[in-house]
Amino acid sequence: IPIALHLLARQQPRRVVFPTTRFLKPSLDTHRDRLKVRRWWLLAIRILAIAALAIAFARPQIHTATSENWFYIAAIAFIGVVLLVLATLAVFRNHSHAMRYGLALAGIVFLAGSLVFGSVTMARAPTASISESSPVAIALILDNSVRSARLLNEDDPLFQGSDDGSQPATLSDSDPAASSNSDLAASILHKMRAAAIRLVGEQTSDSLIAILDRSPRPATFSINQTAALARLERLEPVARHRSLANQVRDAILLVRTSDLERRSVILLTDLTEPSFDDAEWQAADIKSLLAQEPPVNLQILDCGSEVTSNYSLEQLAIGDTTPPRMAKTSVSVAVNGSKSGITTSKPLSVQLDMYDTSSAASQGLPVVRNDAIVLPPLKSVDRTTIEATAGSVRAMLSIPPLEVGTHHGILRLLVDDQFASDNVQFITMVVQEPKQILVVGSDRDETRVLAGAINAPLDIDDPLAEYAIETSEFLPTDFTSWKKFVAVILLDPSTPTPPIRAEFDSYLENGGNLLTVLGPTFSIDTEGGTYPNGAVRPWRVPEPGTFLEVIRPLHPSVDSLNTVAGGVPWSSFRVSQYWQFAPSDTDLIIARFAGTKHPAIIERSNSTPDGTASSKRGVHLIVTTPMPALAKNTRSWNQLFAGADAWPAFLLVRDMVDSLVNRDQGSHNYVVGDSVRLVVPDSVSSDAPKANTSDAGSGITRIQMFTPTGPPVPLDREAGLVTIRDIDGPGTYWLRSVGRTAGFSVNLSPRAVDLTRVAPARLDEWLGPEQYALVESVADLRKVEGRGQPTRSLYAVTLIVMLAAFVLEQLLANRFYASRPNSAKQSSAKSSSEKWAVAR
């Protein structure tokens, strides 16, 4: 009301024309005519350039289903503009009115038609979102296998200071974790992490972001961008990892659970073959998963490259992982440079270091001091130099004599190359107290030959020998004394009496091991006893006889024979006679006689006389032909020990005995992902933590395991065994709380360090060529951003229109505002002449 009263009550001013200002009206009319727009096309082009720039900044999108309609609309509008340009030219050239108005009318009709067509299309089309400002459900998968620790090539953009070749990248702004993980500053993982951090930073605050790696963690969305970045900062190469195909599958299923219209999965990988195992990707069936609705945009960012400089340690072979006390042991390893394109030879050094556990300062180690694990000092024990070529060269080293205990070592290839993880091998050796073995045979010479083969090259009675061997012509009458023998070897025994068979069963049931070598003295057990069931009849082979054929080369009883270069010439050691044996269903045939199905070496274990399984029962090995077959009555059976160089028979005997004696010890050298099973002595060191009172009487003892990374881990020793499942990483693992230092070593498998790149054609086979995009930089991700999405970006189109309008504006402006030097001179001359005339 006050405003209305004010407006009604105000006085209207009187209009008074001053005489002195009346002459200004004609001048104003003249200037007003000059201010009228005369170059409408130039004005329209300038407006178009500014409008196109504003539209480009808005990053508009159209729905993919209406993209064809928008193409027709643009074509109709272009025709309309061309007709208007022709109409303008007709006006300038004074063509007929019909031509002028006809072209102008046709242009207006085409422009109006495109406007109407565009309005209808926009009204009927589904809503199209703007990619850069709309939320997205995105999953980033980083292939952080152990191979991601490989250094980048020198020609890589990130190595030269740029993450995609377009802008510099520094550790401080592209990778917050680089300060705490400087060793990976130029690695493939750093490149993946820098790209992932950049992608996370480009997303809106209401986007759903998931960070996945090769760990077994479930696929979930992060709480916010800060949590996603923190997850990226903690990523490190992992040796034990989940299938990459399963991670991609879980990521696709995860983003499909979101209600957001945009869904994207980006895999950052080095494209090495171990990550793209054919069986795993075929089983995941990602191709059919991508074909389902709603659509998911899958892109693979290639962060790897071909290896240009890398040597590796392969095929590690230890002469004896359980050597005798104070005996030297050989170690050989192959140095390979053929997988990295190396063509020139280079001198390389291979060094063997052993942890010194014999000094007084090493007693009680390892231990935790000031939150750090203190280990015994490393001491170099051998070093050799080889001329490494593009192929494979084997280096030989020697381990010095060792005292009783568990000894750990590290084999290093001293070279600077792109991948350091395959330049190290960890080894563990166990020197045990001599174990007692009883060899029973009626022929003294045969028993001593066999005993000598077991302890070679030392003598049977040597205190430094690996085994304390007793020989006898008869079985001990005091069967309680059998308990001290880890294994009993029977050479050509006669048929045992029922009491002796019972003692054999009791000995095996209590964990004893038995090796029975059948010969001519043995006869068929007609009473159905348990020792050894299955003998049928002596079998004679016609000339030239047969020979052993190993059918289970990985069995511990023939393990060393499997590594002999060129194979074992068993055909040179003929067998003329043996016992035909009918094995039971639970027997394991290790070797047979060539040309027949008759077993030569049989393992009978974990089975009691009534057929039930027993984990404590010992192993019974049966050889169906006599060894060493040097006596008068056995010489005609075979020539296993009769040849000039009978090394295969010697190795066979040693392997069979070693498999019996050390069968419960388990291996002390493992591969990442294996399950460890070790026998731990009952004695506990004085400085070790004692068992908890709650465990008293339960048979459980607490043990500390010191891992290569991280704090000590408590373990339980139950019934003398320690079981550790799924070892995560390579290195030396120490066990403390026992009478002597124990532990084991873990290495990477050859497959895990294979840097061979996968062929892109295989990706098409697993994913479908139209259902994913393979790019090489973060900038390329935007170029294929619309693949598989319901919307298509017009950003590039509007930029082209803006550029065209700007160029056309420059051309027209130069045409309309071109300077006329001659006209200016004439005007200047005319004004000068007029002034001269006035002066006159």
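Within each chain, residues carry numbers counting from 1 in the order of the written sequence. Only residues with pLDDT of 70 or above have their local features reported here, since the model is predicted, and side-chain atom pairs are shown and tallied only from 80 upward, although totals for entire chains, interfaces and linings are computed over all residues. As a rule here, side-chain values come from all non-hydrogen atoms in the structure, and water together with hydrogens is ignored.

**As for the environment of T471**
Consideration 1: Relative to the elements of secondary structure, T471 occurs in strand β16 (residues 467-472).
Consideration 2: Leave out the neighbours within four places in its chain, and T471 touches V439, T447 and A451. Secondary structure elements follow DSSP: runs of H or I of four or more residues count as helices, runs of E of two or more count as strands, with numbering from the N terminus. Whether two residues are in contact is decided by their heavy atoms, any of which lying within 4.5 Å being enough.

**Digging into the packing of helix α7 (residues 188-202) against helix α8 (residues 225-233)**
Consideration 1: Axis definition: a line fitted to C-alpha atoms, limited for helices to the stretch in contact. Angles are taken between N-to-C directions and run from 0 to 180 degrees. For the pair α7 and α8, interaxial distance at closest approach is 10 Å and the crossing angle is 180°. With respect to α8, the element α7 is oriented roughly antiparallel. Counted together, R193, A196, I197 and V200 of α7 and Q225, A228, L229, L232 and E233 of α8 form the full contact between these two elements.
Consideration 2: We call Asp, Glu, Lys and Arg charged. Ala, Val, Leu, Ile, Met, Phe, Trp, Tyr, Cys and Pro are nonpolar, and the rest, Gly among them, are polar. Split into classes, the residues belonging to the contact of α7 with α8 amount to six nonpolar, one polar and two charged. Each angle receives one of four descriptions, namely roughly parallel if under 35 degrees, roughly antiparallel if over 145, roughly perpendicular if within 65 to 115, and oblique otherwise.

**Some details on the sheet that holds strand β8 (residues 346-355)**
Consideration 1: Reading across the sheet, the four strands line up as β11-β8-β13-β14 and stay open at both edges, with antiparallel pairing between neighbours. This sheet does not close on itself; its edge strands, each paired only once, are β11 (378-388) and β14 (424-431). Strand after strand, the sheet turns through a mean of 20° between neighbouring axes, direction not considered.
Consideration 2: Paired strands are those between which DSSP finds at least two bridges. Note that β8 and strand β13 (residues 405-414) share six bridges and pair antiparallel. What sits directly across from S349, in β13, is L414.

**Considerations on the sheet that holds strand β24 (residues 619-623)**
Consideration 1: Spatially, the eight strands line up as an open sheet ordered β16-β15-β17-β18-β24-β23-β22-β20, and their pairing is mixed. Among the strands making up the open sheet, the edge pair consists of β16 and β20 (548-550). Across this sheet, the average inter-strand angle for adjacent strands is 15°, counted without regard to direction.
Consideration 2: In this structure, strand β17 (residues 487-491) lies alongside strand β18 (residues 513-517), joined through five bridges in parallel fashion. When the sheet's bridge partners are listed, A487 is paired in β18 with N513.
Consideration 3: Contacting β15 (435-441), β16 and β17, helix α12 (residues 444-455) crosses the sheet at an angle of about 175° to β16.
Consideration 4: Across the face of the sheet, helix α14 (residues 647-661) comes into contact with β15, β16, β17, β18, β20, β23 (599-605) and β24 while running at roughly 160° to β24.

**Structural notes on unusual backbone geometry**
Consideration 1: At the junction of E293 and P294, the peptide bond is cis and its omega measures out at -5° in the coordinates.
Consideration 2: Turning to its location among the elements, P294 is positioned in the loop between α11 (286-290) and β5 (297-302).
Consideration 3: Put simply, L365 and P366 share a cis peptide bond, and its omega is 5°.
Consideration 4: Position of P366 among the secondary structure elements: in the loop between β8 and β9 (367-369).
Consideration 5: One non-glycine residue, Q315, adopts positive backbone phi at about 55°.
Consideration 6: Looking at the element boundaries, Q315 is found in strand β6 (residues 312-318).
Consideration 7: Residue burial is assigned from relative accessible area. The probe radius is 1.4 Å, only protein chains are included, and a residue is buried under 20% of its type maximum, exposed over 50%, and partly exposed in between. Judged by relative accessible area, which is 57%, Q315 ranks as exposed.

**Observations concerning α14**
The α-helix winds at 3.6 residues per turn, so residues separated by three or four positions along the chain end up facing the same way.
Consideration 1: Taking 1.5 Å of rise per residue, 15 residues should cover 21 Å, and α14 covers 21 Å from first to last C-alpha, within 8% of that figure.
Consideration 2: Turning to α14, its buried residues number three or more, namely P648, A649, L652, V653, D655, M656, V657, S659, L660 and V661. The length a helix should cover is 1.5 Å for every residue beyond the first.

**Considering the packing of α12 against α14**
Consideration 1: Packing of α12 against α14 leaves a shortest axis separation of 8 Å and a crossing angle of 75°. The orientation of α12 relative to α14 falls into the category roughly perpendicular. Residue-level inspection shows L450, A453, I454 and N455 of α12 in contact with α14, the latter providing F650, V653, R654 and V657.

**Details of the pattern of salt bridges**
Consideration 1: Salt bridges are identified by distance alone: a Lys or Arg side-chain nitrogen within 4 Å of an Asp or Glu carboxyl oxygen. Taken as a whole, this structure holds 14 salt bridges when the rule is applied.
Consideration 2: In this structure, the salt-bridge partner of R762 is E273, at a minimum N-O distance of 3.8 Å. Taken together, the positions of R762 in helix α15 (residues 760-767) and E273 in the loop between β4 (262-269) and α10 (278-284) put the pair 489 residues apart, joining distant regions of the chain.
Consideration 3: Of the charged contacts, one joins E549 and R592 as a salt bridge, the two residues approaching to 3.9 Å between their closest N and O atoms. Pair noted here: E549 is in strand β20 and R592 is in strand β22 (residues 588-593), with a separation of 43 residues, a long-range link.
Consideration 4: For E549, a relative accessible area of 30% puts it in the partly exposed group.
Consideration 5: Here R592 falls in the partly exposed class, since its relative accessible area comes to 30%.

**Describing the pairing of strand β26 (residues 676-679)**
Consideration 1: Only one face of β26 is buried, namely the one carrying V676 and L678, since none of R677 and V679 on the opposite face is buried.
Consideration 2: Bridge count for β26 against strand β29 (residues 721-724) is four bridges, and the pairing is antiparallel. For L678, the partnering residue across the bridge sits in β29 and is V722.

**Quick notes on the confidence of the model for the protein chain**
Detail in the predicted coordinates should be disregarded across regions flagged by low pLDDT.
Consideration 1: Per residue, pLDDT captures the predictor's confidence, and it can take any value from 0 to 100. Residues of the protein chain with pLDDT of at least 70 account for 81%, and the chain-wide mean is 80.
Consideration 2: Here residues 159-184 scores under 50 on pLDDT; set against residues more than four positions off or in separate chains, the count is 48 contacts.

**Points about the side chain of Q425**
Consideration 1: Considering the arrangement of structural elements, one finds Q425 in strand β14.
Consideration 2: Reaching out from Q425, the side chain makes a polar contact with the backbone oxygen of L313 at a distance of 3.4 Å. Under the rule applied, a polar contact is a pair of N or O atoms within 3.5 Å (in protein, one hydrogen donor and one hydrogen acceptor; residues adjacent in sequence only if both atoms are side-chain atoms).

**Side note on the nonpolar core**
Nonpolar side chains in soluble globular proteins tend to end up buried together.
Consideration 1: We define the nonpolar core as a collection of buried residues of types Ala, Val, Leu, Ile, Met, Phe, Trp, Tyr and Cys that are connected through side-chain atoms lying within 4.5 Å of one another. Residues I489, M627 and L652 are the most contacted members of the largest nonpolar core, which totals 41 residues.
Consideration 2: No other element matches the seven residues that α14 contributes to this core.
Consideration 3: Once residues lying within four places of it in the same chain are set aside, the contact partners of I489 are I437, L438, V439, V440, L450, I454, L515 and V657.
Consideration 4: Core analysis: the second largest hydrophobic core is formed by 30 residues, I141, L212, V255 and L290 among them.

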